[in-house]
Amino acid sequence: MKKDCIFCQIVAGESPAKMVYETEEFLVFTDIHPKAPVHVLIVPRKHIVSVNELEKDDLAMMGRAYQVAQEVVQKLGIRDGYQLHINVGEKAGQLVDHLHIHVWGGWKVKQAG
Ligand code: AMP
Ligand code: ZN
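What you see is a predicted model, and the numbers here were worked out from it, not measured in a lab.

S.K.: Would you mind going over the coordination of the zinc ion (ligand 2) in detail, with residue names and values included?
M.R.: In an ideal octahedron of six donors the angles at the metal are 90 or 180 degrees, and in an ideal tetrahedron of four donors they are 109.5 degrees. Coordination of the zinc ion (ligand 2) by the protein involves C5 (SG), C8 (SG), H47 (ND1) and H98 (ND1), with metal-donor separations of 2.0 to 2.3 Å. Viewed at the metal, the four donor atoms of the zinc ion (ligand 2) are separated by angles of 104 to 115°, and the geometry they form is tetrahedral. Sequence spacing of the donors to the zinc ion (ligand 2): C-x2-C-x38-H-x50-H. One end of the pair, C5, is in the segment before α1 (6–11); the other, H47, is in the loop between β3 (38–44) and α2 (59–76), and 42 residues separate them in sequence.

What follows is the structure, encoded as structure tokens:
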């Protein structure tokens, strides 16, 4: 837990979030500034800054993030079309320095681009 990390604070129950799904290793909650009709974040409970800081022991856990994604898109009814996205570093637009996977979906028609 990193005290000044907003996602660690959510993990610790010190900051509110609209929880969608939880496992021993991950939280999934809605993004406060949605960029798609459905926008949730898959967040490991463990504080890892970004993909660059993943250690060998974290890799199996990250594999399980995709299992979480499968469960979540099923639950949210967006299994037929969604995007998974990870920003790494400020240049790429990473604002929160706690690894997270964006899940975007819920469009009525095929997403252009
Ligand atoms: P990124 O730009 O990849 O670091 O994404 C960070 C995301 O976290 C942004 O889409 C923010 O809208 C979202 N965010 C920041 N603070 C919170 C919060 N307290 N609860 C939910 N989402 C948040
Ligand atoms: Zn954190």
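Still more ground to cover, so stick around.
S.K.: If you had to explain the side chain of H102 to someone new, which residues and values would you point to?
M.R.: Counting through the fold element by element, H102 comes out in strand β5 (residues 101–105). The class of H102 is buried, set by a relative accessible area of 7%. In contact with H102, other than residues within four places in its own chain, are D31, H39, V40, L41, Q83, L84, H85 and N87.

S.K.: Account for the site of ligand 1, with residues named and values stated.
M.R.: Around ligand 1, 17 residues are found, and the nearest of them are D31, G93, L95, H100 and H102. The separation between an oxygen atom of ligand 1 and a polar side-chain atom of H100 is 2.8 Å. Interatomic distance of 2.8 Å between a side-chain N/O atom of H102 and an oxygen atom of ligand 1. If ligand 1 stood free it would expose 500 Å²; the protein chains cover 89% of that surface. Counting only elements with at least two residues in the shell around ligand 1, the list comes to α1 and β2 (26–30). It is α1 that provides the largest number of residues to the shell around ligand 1, a total of three residues.

About the cut-offs
Residues numbered from 1 in each chain as written. Chains lettered and ligands numbered in written order. Predicted model: local features only at pLDDT ≥ 70, side-chain atom pairs only at ≥ 80, totals over all residues. Heavy atoms only, no water. Donors = N, O, S within 2.8 Å, 3.2 Å for Na, K, Ca; no water. Tetrahedral: all angles 85-135°; square planar, octahedral: opposite > 155°, others 65-115°. Helix = DSSP H or I, 4+ residues; strand = E, 2+ residues; numbered from the N terminus. Buried < 20%, exposed > 50% of the residue type's maximum accessible area, 1.4 Å probe, protein only. Contact = heavy atoms within 4.5 Å. Near = heavy atom within 4 Å. Polar contact = N/O pair within 3.5 Å; in protein donor to acceptor, adjacent residues only side chain to side chain. Areas by Shrake-Rupley, 256 points an atom, 1.4 Å probe, with all protein chains shown as cover.

Keep in mind these numbers describe shape, not what the thing actually does.
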